[in-house]
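Observations on chain architecture
The primary structure of each chain is shown beneath.
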Amino acid sequence: MREWRYLLNGSSLALDAETCIGCGSCVEVCPHDVFLVEAGKARIRDRALCMECGACSRNCPVGALGVSSGVGCAAAIIAGKRGLASSGCGCSTDSSSSCC
Ligand code: SF4
Ligand code: SF4
């Protein structure tokens, strides 16, 4: 799968590595593979892949993640309309519907 880049250096995604317990939920729910878990801690693999859907933050059991959700989906749709990226943000895995 191609890795669409959304908010270059602008993603609001924040990870508190001290608080992280390495459960892997963020890896599981992130639609764009933004995270890795290494040595028991999450790490942001590539911030520009984040389109601020908020799934990681909503599913982190200890509140180690923060993100201002919503902006990235809108940016992805605008980029799609301009022919710069896919037309959706990709945050829905259900092919019969879109989250946006
Ligand atoms: S906000 Fe969405 S795209 Fe960004 S890191 Fe979290 S789950 Fe992944
Ligand atoms: S969901 Fe939260 S606690 Fe779990 S690995 Fe990700 S950042 Fe760490």
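In the block above lies the structure referred to throughout.
The sections below set out a description of the structure shown in this document.

About the criteria used
- Residues numbered from 1 in each chain as written.
- Chains lettered and ligands numbered in written order.
- Predicted model: local features only at pLDDT ≥ 70, side-chain atom pairs only at ≥ 80, totals over all residues.
- Near = placed C-beta within 6 Å.
- Nonpolar A, V, L, I, M, F, W, Y, C, P; charged D, E, K, R; others polar.
- Core = buried A, V, L, I, M, F, W, Y, C linked by C-beta atoms within 7 Å.
- Buried ≥ 20, exposed ≤ 12 C-beta atoms within 10 Å, placed from the backbone.
- Contact = placed C-beta atoms within 7 Å.
- Helix = DSSP H or I, 4+ residues; strand = E, 2+ residues; numbered from the N terminus.
- Pairing = 2+ DSSP bridges.

Turning to the site of ligand 1, a few remarks are in order. Near ligand 1 lie 14 residues; those nearest to it are Cys30, Val34, Cys50, Cys53 and Cys56. In terms of residue class, the shell around ligand 1 is made up of eleven nonpolar, two polar and one charged.

Counting 18 residues, the largest nonpolar core has Leu15, Cys26, Cys30, Cys56 and Leu65 as the members making the most contacts within it. Sequence-distant contacts of leucine 65, defined by excluding residues within four places in its chain, comprise Leu15, Cys26, Cys56, Ser57 and Cys60.

Mapped onto the elements of the fold, leucine 13 is located in the segment before strand E1 (14–15). Counting along the chain gives 44 residues from leucine 13 to serine 57, while the straight-line C-alpha distance between them is 8.9 Å. Those residues in contact with leucine 13 that lie beyond four places of it in its chain are Ile44, Arg47, Cys50 and Val67.

Around ligand 2 sit 15 residues, and of these Cys20, Cys23, Ser25, Cys26 and Cys60 come closest. Of the residues assigned to the shell around ligand 2, the class counts are twelve nonpolar, three polar and no charged.

Positive phi outside glycine occurs at aspartate 33, with the angle close to 50°. Positive phi values are uncommon outside glycine, yet glutamate 52 reaches one of about 55°. For glutamate 52, the location among the structural elements is in the loop between strand E3 (41–44) and helix H2 (55–59). What makes glutamate 52 buried here is the crowd of 25 C-beta atoms within 10 Å.

A few words on the pairing of strand E2 (residues 35–38). Along any regular strand the residues' side chains alternate between the sheet's two faces. Direction of pairing for E2 relative to E3: antiparallel, over a ladder of four bridges. Within the sheet, the bridge partner assigned to glutamate 38 lies in E3 and is lysine 41. Between the antiparallel neighbours E2 and E3 lie two residues, among them alanine 39 with a positive phi of about 50°.

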